[in-house]
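Overview (structure and organization)
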Amino acid sequence: VQLVDAARGGDTRAIARLLTLVESGAAGLAQVSSALMPHVGNAHIVGITGAPGVGKSTTTSALTRALRDQGKTVAVLAVDPSSPFSGGALLGDRVRMQGHATDPGVFIRSMASRGHLGGLSAATPQALRVLDACGFDVVLLETVGVGQSEVEVIGQADTVLVLLAPGMGDGIQAAKAGILEIADVFVVNKADRDGAAATIRELRAMIALGTRAPTAWKPAIVSTVATKAEGIDDLLAVMDQHRDWASRSGDLEQRRLQRVVREIEALAIDRVRERLGGAEEHARAVLAGRIDPYRAAELLTYSL
Ligand SMILES: Nc1nc2c(ncn2[C@@H]2O[C@H](COP(=O)(O)OP(=O)(O)OP(=O)(O)O)[C@@H](O)[C@H]2O)c(=O)[nH]1
Ligand SMILES: [Mg+2]
């Protein structure tokens, strides 16, 4: 709890230590969590996702610079749900983000899943809470890849940016993972390349065909050249518009509510799982044909 005070006072090492606690799922987390609670709810959490190489890290860096120019403080949380270790991609990101290394208004951290159950989906909301409570105006939550776990992680954001690049055929890839449905803003990056206009047309057509309710937010499309910071100011403006719309319409509150519902359920399920003990003995009985899986589930939950 002292650690929480230090972190809120802007002590970068204290923030980092809190995040390590969260990441490792250490005991004492509940106490930390409750100390954070009175201070959360002010940060704008912006998720950034898209296929590998589309320009997420470059965009994150450009957004960070532009937000700093507006006088806002920024935390960047790079999350890699698919690999248990922070690999090369994140290393490369460190190099890209180096321009912000000496700026006390910017905090950068990467998280990998460390292989434990429920790992990142459980750790991400806590980590966001830490950064929110520490007073960062904007938290940029960057994921690697577009799989199911990325959708889960990015679902923690108030505003979701989905990055595409011309000619990568990733529109369709992303659609499979369900990421298009959760986009609030489509960012067509690498607009300096051929095919950007075609990608925008495809997106417009897709949005027009979409099944979202008429009162819902209509996903915006912004084109950028992240390497030259082109379109970044437009992107910031759209991010703000979305945030304003979301708080006015009640969408933000609804999202936050659903997020906490999922978080509580996940924590509760962990507890139940702990109390259940192993199912292996019952599994053997099922395999041997002595009982069926329904009966096994009954036996397993008998003591709950
Ligand atoms: N031409 C062009 N290249 C870009 C643009 N934005 C990023 N790049 C380049 O694309 C490459 C990948 O960019 P990253 O920002 O690392 O992409 P990423 O999505 O973070 O990649 P992963 O983390 O590996 O998934 C780099 O070489 C960038 O310099 C752009 O707007 N135009
Ligand atoms: Mg990256």
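Above: the structure in question.
Residues numbered from 1 in each chain as written. Chains lettered and ligands numbered in written order. Predicted model: local features only at pLDDT ≥ 70, side-chain atom pairs only at ≥ 80, totals over all residues. Heavy atoms only, no water.

**Some details on helix α10 (residues 232–249)**
Counting along an α-helix, one turn takes 3.6 residues, and residues three or four places apart therefore face a common direction. Its 18 residues place the ends of α10 25 Å apart at the C-alpha level, agreeing with the 26 Å of an ideal helix rising 1.5 Å per residue. Where α10 is concerned, the buried positions are I232, L235, L236, V238, M239, H242, W245 and A246. As for α10, its buried residues are in contact with β1 (44–50), α4 (56–69), β5 (159–164), β6 (185–188), β7 (220–223) and α11 (251–276). Residue G250 follows α10 closely and has a positive phi angle near 90°. (Helix = DSSP H or I, 4+ residues; strand = E, 2+ residues; numbered from the N terminus. Expected span 1.5 Å × (residues − 1). Buried < 20%, exposed > 50% of the residue type's maximum accessible area, 1.4 Å probe, protein only. Contact = heavy atoms within 4.5 Å.)

**Remarks on the pairing of β1**
Burial analysis of β1 places seven of its seven residues in the buried class, the great majority of the element. Judged by which residues are buried, β1 turns out to be covered on both faces: H44, V46, I48 and G50 on one side and I45, G47 and T49 on the other are all buried. Bridge analysis of β1 against strand β4 (residues 138–143) gives five bridges, and the strand direction is parallel. When the bridges of β4 are listed, I45 appears paired with V139. (Pairing = 2+ DSSP bridges.)

**Here we look at the side chain of K190**
With respect to the element layout, K190 can be found in the loop between β6 and α9 (196–209). In this structure, K190 is buried with no salt-bridge partner, the nearest side chain bearing the opposite charge being D192 at 7.8 Å. Setting aside chain neighbours within four positions, we find K190 in contact with G53, V54, A165, P166 and T224. (Lys, Arg positive; Asp, Glu negative; His and termini not counted. Salt bridge = Lys/Arg side-chain N within 4 Å of Asp/Glu carboxyl O.)

**Some points on unusual backbone geometry**
With a phi angle near 60°, K190 is a residue other than glycine that sits in the positive phi range. At A229, a position not held by glycine, the phi torsion is positive, near 60°. Structurally, A229 is set in the loop between β7 and α10.

**Focus on the packing of aromatic side chains**
A complete count under the given rule lists two aromatic pairs for this structure. Considering the side-chain rings of F107 and F136, the 6.2 Å spacing of their centres and the 40° angle between planes classify their relative orientation as tilted. Note that F107 is positioned in strand β3 (residues 106–112) and F136 in the loop between α6 (119–133) and β4, a separation of 29 residues in sequence. Each member of the pair F107 and F136 is classed as buried. Relative to W245, the ring of W217 has its centre 5.7 Å away and its plane inclined at 45°; by these criteria the two rings are tilted. Of this pair, W217 sits in the loop between α9 and β7 while W245 sits in helix α10, and the two are 28 residues apart along the sequence. (Phe/Tyr/Trp six-rings, centres within 6.5 Å; stacked < 30°, edge-to-face > 60°.)

**Some thoughts on the nonpolar core**
Formed by 45 residues in total, the largest nonpolar core has its most connected members in I15, L77, V130, L131, F136, V139 and F186. The biggest single contributor to this core is α6, with seven residues. Beyond its immediate chain neighbours, meaning those up to four positions away, F186 contacts V162, L164, L180, L203, M206, I207, P219, A220, I221 and V222. Formed by 27 residues, the second largest nonpolar core is a distinct cluster that contains L63, A66, L163 and A165. (Core = buried A, V, L, I, M, F, W, Y, C linked by side-chain atoms within 4.5 Å.)

**Regarding the packing of α10 against α11**
Put simply, α10 and α11 touch, their axes get as near as 4 Å, and they point 80° apart. The angle between α10 and α11 places the two elements in the roughly perpendicular class. Taken together, the residues of α11 that come into contact with α10 (itself represented by H242, R243, W245, A246, S247 and S249) are D251, L252, R255 and R256. When the residues that make up the contact of α10 with α11 are grouped by side-chain class, the tally is three nonpolar, three polar and four charged. (Axes fitted to C-alpha atoms, helices over the stretch in contact; angles between N-to-C directions. Parallel < 35°, antiparallel > 145°, perpendicular 65-115°, else oblique. Nonpolar A, V, L, I, M, F, W, Y, C, P; charged D, E, K, R; others polar.)

**Considerations on the pattern of salt bridges**
The full count for this structure, using the stated rule, is 11 salt bridges. A salt bridge links R255 to D184, with the nearest nitrogen and oxygen atoms 2.8 Å apart. Linking R255 in helix α11 with D184 in the loop between α8 (170–176) and β6, this pair joins segments that are 71 residues apart in sequence. Owing to a relative accessible area of 2%, D184 belongs among the buried residues under this scheme. Ionic pairing is found between R273 and D270, a salt bridge with its closest N-O pair at 3.9 Å. With R273 and D270 both in helix α11, this residue pair falls three residues apart, about one helical turn. Classification of D270 by relative accessible area gives partly exposed; the value is 31%. Salt bridges here are not isolated pairs; linked through shared partners, they connect D158, R243, R256 and R259.

In short, geometric facts, not functional conclusions.
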